[in-house]
Amino acid sequence: MQDGLLHYPFRQPPKVVVTDLAPGIAETIIDVWPEVDIVADKFHVIQLLTRTIEQTRKLISKEDKHKKIRHQRRLLMTLPSKLKDNELEERDCLLEDQPKLQELYQALQDLRKMYEAKDFHEGDRYFKQWIQKYMYGMVPALQKVAKTLLQWKKPILNFFTYGLTNGPMEGTNNKIKVLKRKAYGYRNQDHFFTRIRLECKQPF
């Protein structure tokens, strides 16, 4: 990765780099570009919690059928405002008598609320409140997430300065994966690149 960054094709280094939470990636970027600001991608920060919720849910619902599992996952991952009344009732039944899952679910909603902050100072306040609330709770998996967020505090809060995410890039990568899967691979690489440009509406 460091070699790839050293061959960055533009004259001036970037001012901001948005990255996931992979270990060592921020340090590598700083080693190459000491003045750059790192932004932790919003999607990957929230994904820390959604994955933890899913792991906990699986332990609770080991014997459920695949269709039911997908439905439960949707109930827990979807914003409450986008669920219908009957779905909210199903969600409440799923969380009932499951204190660990309840705590994780509430932590997810509170983290999403943090990202609604209007500026850096409000985001910093929400971040501190989230850490104080969940760092010393009774759910070890949530404590682990809180420790990771603390390690990434500055890049997470940089989001409120720059408002950048990797959303467009993630979307492009997904389109490329779908194209490749639909075609069962491409023998001619030039044809593949042309198809990517057409699909992603990029100039030739």
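Residue positions are given per chain, counted from 1 along the sequence in the order it is written. The predicted origin of the model limits local features to residues at a pLDDT of at least 70 and limits the giving and counting of side-chain atom pairs to 80 or more, whereas totals for whole chains, interfaces and linings rest on all residues. The side-chain figures draw on all heavy atoms in the structure; neither hydrogens nor water molecules are used.

A. Main features of the overall build of the chain. Going along the chain from the N terminus, every DSSP run of H or I of four or more residues is numbered as a helix, and every run of E of two or more is numbered as a strand. Across its full length, the chain holds 11 helices and two strands. Summarising its shape, the C-alpha atoms of the chain cover approximately 55 × 45 × 30 Å along the three principal directions. For the chain, the proportion of its 204 residues judged to be buried stands at 38%. Contact definition: two residues touch when any of their heavy atoms are within 4.5 Å. Intrachain contacts of the chain at a sequence separation of at least 6 include 55% that bridge at least 24 residues. For the chain, the computed accessible surface area is about 14100 Å², with 52% contributed by carbon and sulfur atoms. Think of it in three bands: with a 1.4 Å probe and only protein chains considered, a residue is buried below 20% of the maximum accessible area for its type, exposed above 50%, and partly exposed in between. Residue-level accessible areas treat just the shown protein chains as cover; the underlying method is Shrake-Rupley with a 1.4 Å probe.

B. View of the packing of helix α7 (residues 120–134) against helix α8 (residues 140–151). Following both chains from N to C, one finds α7 and α8 inclined at 150 degrees, their axes separated by 9 Å at the closest point. Here the hand of the crossing between α7 and α8 comes out left-handed. On α8, the residues touching Phe127, Trp130, Ile131 and Tyr134 of α7 are Leu142, Gln143, Val145, Ala146, Leu149 and Leu150. Nonpolar residues are Ala, Val, Leu, Ile, Met, Phe, Trp, Tyr, Cys and Pro. Charged residues are Asp, Glu, Lys and Arg, and all others, Gly as well, are polar. The class makeup of the residues in the contact of α7 with α8 is nine nonpolar, one polar and no charged. Angles shown run from 0 to 180 degrees and are taken between the N-to-C directions of axes, each axis being a line fitted to C-alpha atoms and, for helices, limited to the stretch in contact. For any pair of crossing helices, the crossing counts as left-handed if the nearer helix is rotated counterclockwise from the farther one by less than a right angle, and right-handed if it is rotated clockwise.

C. Expanded view of the side chain of Glu54. Mapped onto the elements, Glu54 comes out in helix α3 (residues 42–60). Definition of a polar contact: a pair of N or O atoms within 3.5 Å, with one able to donate and the other able to accept a hydrogen when the atoms are protein atoms, and with sequence-neighbouring residues admitted only if both atoms are side-chain atoms. Side chain to side chain, Glu54 and Arg57 meet in a polar contact 2.8 Å long. Beyond its immediate chain neighbours, meaning those up to four positions away, Glu54 contacts Arg73 and Met77.

D. The arrangement of the environment of Tyr126 in detail. Relative to the helices and strands, Tyr126 resides in helix α7. Through-space distance from the C-alpha of Tyr126 to that of Glu35 is 27 Å; in sequence the pair is 91 residues apart. Ignoring sequence-local partners within four residues, the contact set of Tyr126 consists of Lys113, Met114 and Ala117.

E. Examining the nonpolar core more closely. Ranked by size, the top nonpolar core spans 46 residues in total, and within it Leu49, Trp130, Leu149 and Ile156 carry the most contacts. The dominant element in this core, judged by the number of residues it contributes, is helix α6 (residues 99–114), at seven residues. With residues near it in sequence (within four places) discarded, Trp130 still touches Leu49, Ala107, Asp110, Leu111, Leu142, Val145, Ala146 and Leu149. We call a set of buried Ala, Val, Leu, Ile, Met, Phe, Trp, Tyr and Cys residues a nonpolar core when their side-chain atoms join them within 4.5 Å.

F. Representation of the packing of α3 against α8 within the structure. Viewed as axis vectors pointing N to C, α3 and α8 meet at an angle of 170 degrees, and their least axial separation amounts to 10 Å. Judged on the interaxial angle alone, α8 and α3 are roughly antiparallel. In this structure, α3 contributes Val45, Leu48, Leu49 and Thr52 to the contact, and α8 contributes Ala141, Leu142, Val145, Thr148 and Leu149. Geometric relationships in this document are graded by angle, where less than 35 degrees denotes roughly parallel, more than 145 denotes roughly antiparallel, 65 to 115 denotes roughly perpendicular, and other angles denote oblique.

G. A look at the environment of Phe120. Inspection of the secondary structure puts Phe120 in helix α7. Among the residues examined, Phe120 registers a relative accessible area of 31% and is labelled partly exposed. In the structure, Phe120 is positioned 70 residues away from Thr50 in sequence and 24 Å away in space, judged by C-alpha atoms. In this structure Phe120 touches Leu157, Phe160 and Thr161, once residues within four positions along its chain are discounted.

H. How the structure looks around the pattern of salt bridges. Throughout this description, the term salt bridge denotes a Lys or Arg side-chain nitrogen within 4 Å of a carboxyl oxygen of Asp or Glu. Following the criterion strictly, the structure yields six salt bridges and no others. Across the pair Asp110 and Lys133 runs a salt bridge whose closest N-O atoms are separated by 3.1 Å. On the criterion of sequence distance, the pair formed by Asp110 in helix α6 and Lys133 in helix α7 is long-range, its members being 23 residues apart. Between Asp124 and Lys128 there is a salt bridge, and its shortest N-O distance comes to 3.3 Å. Of this pair, Asp124 and Lys128 both sit in helix α7, four residues apart, roughly one helical turn. For Lys128, a relative accessible area of 40% translates into the label partly exposed. Through salt bridges with shared partners, one network takes in Glu54, Arg57 and Arg73.

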